[in-house]
Amino acid sequence: MAFVGYLVTYFFTGMTVHLVDVHLRGKDAQLGSAFADCVRNIGGITALALVSLAVALLASAIRGNRRRGLRDAAADVVERAWLAVTYLLLPIMILEDVPFTKSVERARSLHRHNLVQIVVGELGLMLTSRIISVIMTIIGIGIAVVAYFIAPPL
């Protein structure tokens, strides 16, 4: 089921990439042409889905039965790094009509010196959003507690 989920997600994301590219070139973006482009690239999309499934299984194995601590953080790093890589690979496959292996080579040549920065940036965004979420949760709980204790006298 996870493979099918990845396949469908990447297929429709590929269609979106095609539609945006056509629109930015000043042409009329049509779903039929986006669908046809993704069908032409179905081999690469399938390979991307298979590798994504393998990465998800690896992250699950790293996580183990418990979802706390360093193992969970390591699994999150693996998942986020792969997510950043897919953001590079899928547009290359769709826009340049190249298979999965060629898109990996192309992404490597385009981002040879920046890949670490891209992954670190993605991880930094994840960490920042989690910190903000924790702070907002604490503030929300604080407001609820204060409201609970103030409400009876009012």
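Scroll up to find the structure.
Since this is a predicted model, take the numbers as computed values, not measurements.

Visitor: Sorry, what's going on with the packing of helix 3 (residues 42-63) against helix 4 (residues 70-96) here?
Guide: How two helices sit against one another is set out by the angle between their axes and by the gap between those axes. The contact between helix 3 and helix 4 brings their axes to 9 Å, and the two run at 175°. One way to sum up the angle between helix 3 and helix 4 is to call them roughly antiparallel. Residue composition of the contact of helix 3 with helix 4, by class: 16 nonpolar, 3 polar and 5 charged.

Visitor: How should the nonpolar core be read in this particular structure?
Guide: One recurring pattern in soluble globular proteins: nonpolar side chains tend to sit buried together. Ranked by internal contacts, the top residues of the largest apolar core, which has 20 residues, are Tyr10, Ile45, Leu48, Trp82 and Leu90. Of all elements in the fold, only helix 1 (2-24), helix 2 (31-40), helix 3, helix 4 and helix 5 (100-110) reach the threshold of two or more residues within this core. Top contributing element to this core by residue count: helix 4, with 7 residues. Those residues in contact with Ile45 that sit more than four places away from it in its chain are Leu7, Tyr10, Phe11, Cys38, Leu90, Met93 and Ile94.

Visitor: Explain the environment of Phe3 here, please?
Guide: Within the element layout of this structure, Phe3 appears in helix 1. What makes Phe3 partly exposed here is its relative accessible area of 25%. For the pair Phe3 and Arg40, spaced 37 residues apart in sequence, the C-alpha separation works out to 19 Å. Beyond its immediate stretch of four places on either side in the chain, Phe3 contacts Thr46, Ala49, Leu50 and Leu53.

Visitor: So what exactly am I meant to see when it comes to helix 1 here?
Guide: For an α-helix the count is 3.6 residues per turn, leaving residues at separations of three or four pointing the same way. Taking 1.5 Å per residue, 23 residues should reach 33 Å; helix 1 reaches 32 Å between its end C-alpha atoms and fits that length. Tucked inside the fold, the buried residues of helix 1 contact helix 2, helix 3 and helix 4. Gly26, located one to two residues past helix 1, shows a positive phi value of around 85°.

Visitor: In this structure, what is going on with the packing of aromatic side chains? I would like to understand it.
Guide: Two aromatic rings are characterised by how far apart their centres lie and by the angle between their planes. A complete count under the given rule lists 4 aromatic pairs for this structure. Note on Tyr148 and Phe149: the rings are 5.3 Å apart at their centroids and 80° apart in plane angle, and the pair reads as edge-to-face. In terms of burial, Tyr148 and Phe149 fall into one category: exposed. The structure contains a cluster of three or more aromatic residues connected by ring pairs, namely Phe11, Phe12 and Phe35.

Visitor: What should I look at first to understand unusual backbone geometry in this one?
Guide: In terms of backbone geometry, most residues other than glycine have negative phi values and most peptide bonds are trans. Phi angles above zero are rare outside glycine, and Asp97 is one such case at about 50°. Looking at the element boundaries, Asp97 is found in the loop between helix 4 and helix 5. Since its relative accessible area comes to 41%, Asp97 is described here as partly exposed.

Visitor: Got a minute to help me understand a nonpolar patch on the surface in this structure?
Guide: A surface patch of nonpolar side chains, amounting to about 680 Å² of accessible area, comprises Leu127, Ile131, Ile132, Ile135, Met136, Ile139 and Ile143. Looking at the secondary structure, you find Ile135 in helix 6 (residues 115-150). Owing to a relative accessible area of 45%, Ile135 belongs among the partly exposed residues under this scheme.

Visitor: Sorry, what's going on with helix 5 here?
Guide: Looking at helix 5, one finds that the buried residues are Phe100, Ser103 and Ala107. Viewed along the axis of helix 5, the buried residues span an arc of 55°, placing them on a single side of the element. Across from the buried face of helix 5, at angles greater than 90 degrees, the exposed residues are Thr101 and Arg108.

Visitor: Even after reading the chapter, I still don't get the side chain of His18, so can you show me in this structure?
Guide: Looking at the element boundaries, His18 is found in helix 1. When its relative accessible area of 12% is taken as the criterion, His18 is described as buried. In this view, His18 contacts Ser33, Ala34, Asp37 and Ile94; residues no more than four positions away in its chain are not counted.

What counts and how
Residues numbered from 1 in each chain as written. Predicted model: local features only at pLDDT ≥ 70, side-chain atom pairs only at ≥ 80, totals over all residues. Heavy atoms only, no water. Axes fitted to C-alpha atoms, helices over the stretch in contact; angles between N-to-C directions. Helix = DSSP H or I, 4+ residues; strand = E, 2+ residues; numbered from the N terminus. Parallel < 35°, antiparallel > 145°, perpendicular 65-115°, else oblique. Nonpolar A, V, L, I, M, F, W, Y, C, P; charged D, E, K, R; others polar. Core = buried A, V, L, I, M, F, W, Y, C linked by side-chain atoms within 4.5 Å. Buried < 20%, exposed > 50% of the residue type's maximum accessible area, 1.4 Å probe, protein only. Contact = heavy atoms within 4.5 Å. Expected span 1.5 Å × (residues − 1). Phe/Tyr/Trp six-rings, centres within 6.5 Å; stacked < 30°, edge-to-face > 60°. Patch = residues over 30% accessible without salt bridge, like charges linked within 9 Å, V, L, I, M, F, W, Y side chains within 5 Å. Areas by Shrake-Rupley, 256 points an atom, 1.4 Å probe, with all protein chains shown as cover. Salt bridge = Lys/Arg side-chain N within 4 Å of Asp/Glu carboxyl O. Arc of directions from axis to C-beta.

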